[in-house]
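Take a look at the letters that make up each chain.
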Amino acid sequence: MDIEGLDLNKDDVVVVKDFCNMQKYQNFTKQVKQSVGNSLVPWLEQGAEIEFLKASGGGWKKGKLYLRLEFVSDEPPQSDNPESLDALRRELNTD
C-alpha cells in the first residue's frame, strides 16, 4: 500500500492522530488494511492528522492523510488514431 505524495519505505516511522501510535510504515499499512471499514468517514471527509519520520533523516513531517476513491472504467480507453497525428505533423512540418 502506497500513500500518494509520499515516498516512504518499510523502515520509515508513521504516527496518525487518533488511529495509531508511532510505528514503522510496514506495520502501519498492515493496521490500515485490518481497519478498512472501521471509522473511515473522517479519513474520507476531513482527513486524519499524520506525522512521519523518514529513516534517512530530515525530521518529522506533518500533514493530513485522506482516503480517496477512484473510478476506473472496465472499457478500454479510446486511443488516438496515429494516422491523424501523422497528418497533423505533416501539416505543421514537424518530424
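Thresholds applied
- Residues numbered from 1 in each chain as written.
- Predicted model: local features only at pLDDT ≥ 70, side-chain atom pairs only at ≥ 80, totals over all residues.
- Heavy atoms only, no water.
- Salt bridge = Lys/Arg side-chain N within 4 Å of Asp/Glu carboxyl O.
- Helix = DSSP H or I, 4+ residues; strand = E, 2+ residues; numbered from the N terminus.
- Pairing = 2+ DSSP bridges.
- Axes fitted to C-alpha atoms, helices over the stretch in contact; angles between N-to-C directions.
- Core = buried A, V, L, I, M, F, W, Y, C linked by side-chain atoms within 4.5 Å.
- Buried < 20%, exposed > 50% of the residue type's maximum accessible area, 1.4 Å probe, protein only.
- Contact = heavy atoms within 4.5 Å.
- Patch = residues over 30% accessible without salt bridge, like charges linked within 9 Å, V, L, I, M, F, W, Y side chains within 5 Å.
- Areas by Shrake-Rupley, 256 points an atom, 1.4 Å probe, with all protein chains shown as cover.

Undergrad: Explain the pattern of salt bridges to me, using residue names and the numbers behind them.
TA: Summed over the entire model, instances satisfying the criterion amount to two salt bridges. One salt bridge in this structure joins Lys24 and Asp11, with 3.4 Å as the shortest N-O distance. In this pair, Lys24 is assigned in strand β2 (residues 20-24) and Asp11 in the segment before β1 (13-16), connecting sequence segments 13 residues apart.

Undergrad: Mind laying out the sheet that holds β2, listing which residues take part and the relevant values?
TA: One key point about sheets: their strands pair by backbone hydrogen bonds, in either a parallel or an antiparallel sense. The four strands lie next to each other as β2-β1-β3-β4, forming an open sheet whose pairing is antiparallel. The open sheet terminates on both sides in strands that have one partner only, identified here as β2 and β4 (60-65). Geometrically, the sheet is characterised by an average inter-axis angle of 20 degrees between neighbouring strands, direction not taken into account. Bridging between β1 and β2 involves three bridges; their strand directions are antiparallel.

Undergrad: Before we move on, could you go through the nonpolar core and cite the residues and values that matter?
TA: Counting residues in hydrophobic clusters, the biggest one holds 12 residues: Leu8, Val14, Val16, Cys20, Tyr25, Phe28, Val32, Trp43, Ala48, Ile50, Phe52 and Leu65. Elements with a minimum of two residues in this core: β1, α1 (25-35) and β3 (48-53). Residues in contact with Val14, not counting those within four places in the same chain, are Leu8, Asn21, Met22, Gln23, Tyr25, Phe28, Ile50, Glu51 and Phe52.

Undergrad: Please provide a residue-by-residue account of a nonpolar patch on the surface, values included.
TA: Residues Leu85, Leu88 and Leu92 make up a contiguous nonpolar surface patch of about 260 Å² in total accessible area. Within the secondary structure, Leu88 is located in helix α3 (residues 82-92). Note on Leu88: relative accessible area 41%, which makes it partly exposed.

Undergrad: Outline the pairing of β1, listing residues and values.
TA: Here β1 shows a buried face lined by Val13 and Val15 and a second buried face lined by Val14 and Val16. Counting the residues that bridge the hairpin from β1 to β2 gives three residues, and of these Asp18 lies at a positive phi of roughly 65 degrees.

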